[in-house]
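One letter stands for each residue in the lines below.
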Amino acid sequence: MDHEIVIAQTTSDDEELAKTLARGAVESNLAAGVHIDAPITAFYWWQGKIEAAQEWRISYMTSSDRLPALEAWLHDRHPYDVPQWVTLPVTGGSDAYLTWVVDETRPQQGHAV
């Protein structure tokens, strides 16, 4: 396979926004698929205090060559000052699935990305 596959993750404290960010990335061919996990509880430092929040984890399945465009797209739409953005390499998987991810993240004509 010529392309590396990655899973990029962010979070949102709003379920509807999580769905919007998920669907928009797929519609823009920036991710082949997106999973939104059930609400999780996050604890983190913010402005000198420990905060706690209910959030939804959003996992984008994409190719490494589309990752910069996905990151820019997300940061333009995410309301957090410092949204979580981490990427995890996919070190294996079925050829059929990995090929599907690459195929579905190719820029499509007629899509503004």
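Here, every reference points to the structure presented above.
Right, let's walk through the structure included here. (Residues numbered from 1 in each chain as written. Predicted model: local features only at pLDDT ≥ 70, side-chain atom pairs only at ≥ 80, totals over all residues. Heavy atoms only, no water.)

1. Concerning the environment of Ala18
Tracing the backbone through its elements, the reader meets Ala18 in helix 1 (residues 15-27). Along the chain, Ala18 and Asp65 lie 47 residues apart, while their C-alpha atoms are 23 Å from each other. (Helix = DSSP H or I, 4+ residues; strand = E, 2+ residues; numbered from the N terminus.)

2. Re the pattern of salt bridges
Counted according to the given criterion, the structure contains six salt bridges. The partner of Lys49 in a salt bridge is Glu51, and the shortest N-O contact between them spans 3.7 Å. Classification of Lys49 as exposed rests on a relative accessible area of 51%. Each of Glu15, Glu16 and Lys19 takes part in salt bridges that share partners, so that together they form one network. (Salt bridge = Lys/Arg side-chain N within 4 Å of Asp/Glu carboxyl O. Buried < 20%, exposed > 50% of the residue type's maximum accessible area, 1.4 Å probe, protein only.)

3. A look at the packing of aromatic side chains
The final tally for this structure, using the stated rule, is two aromatic pairs. Each ring, one from Tyr60 and one from Trp85, has its centre 6.3 Å from the other, and the planes form 50°; the classification is tilted. Placement of the pair is Tyr60 in strand 4 (residues 49-63) and Trp85 in the loop between helix 2 (67-77) and strand 5 (86-89), with a sequence separation of 25 residues. Look at Tyr60 and you get buried, because its relative accessible area is 0%. (Phe/Tyr/Trp six-rings, centres within 6.5 Å; stacked < 30°, edge-to-face > 60°.)

4. What to know about the packing of helix 1 against helix 2
At a closest axis distance of 11 Å, the pairing of helix 1 and helix 2 adopts a crossing angle of 145°. Seen from above, helix 1 lies across helix 2 with right-handed handedness. Listed contacts from helix 2 to Thr20, Leu21, Gly24 and Ala25 of helix 1 are Leu70, Trp73, Leu74 and Arg77. Taken together, the residues of the contact of helix 1 with helix 2 sort by class into five nonpolar, two polar and one charged. (Axes fitted to C-alpha atoms, helices over the stretch in contact; angles between N-to-C directions. Left-handed = near helix turned anticlockwise from the far one by under 90°. Contact = heavy atoms within 4.5 Å. Nonpolar A, V, L, I, M, F, W, Y, C, P; charged D, E, K, R; others polar.)

5. Observations concerning helix 2
Residues three or four positions apart in an α-helix share a direction because the helix packs 3.6 residues into each turn. Buried within helix 2 are the following residues: Leu67, Leu70, Trp73 and Leu74. One side of helix 2 carries all its buried residues, which in axial view fall inside an arc of 125°. Away from its buried face by more than 90 degrees, helix 2 exposes Pro68 and Asp76. (Arc of directions from axis to C-beta.)

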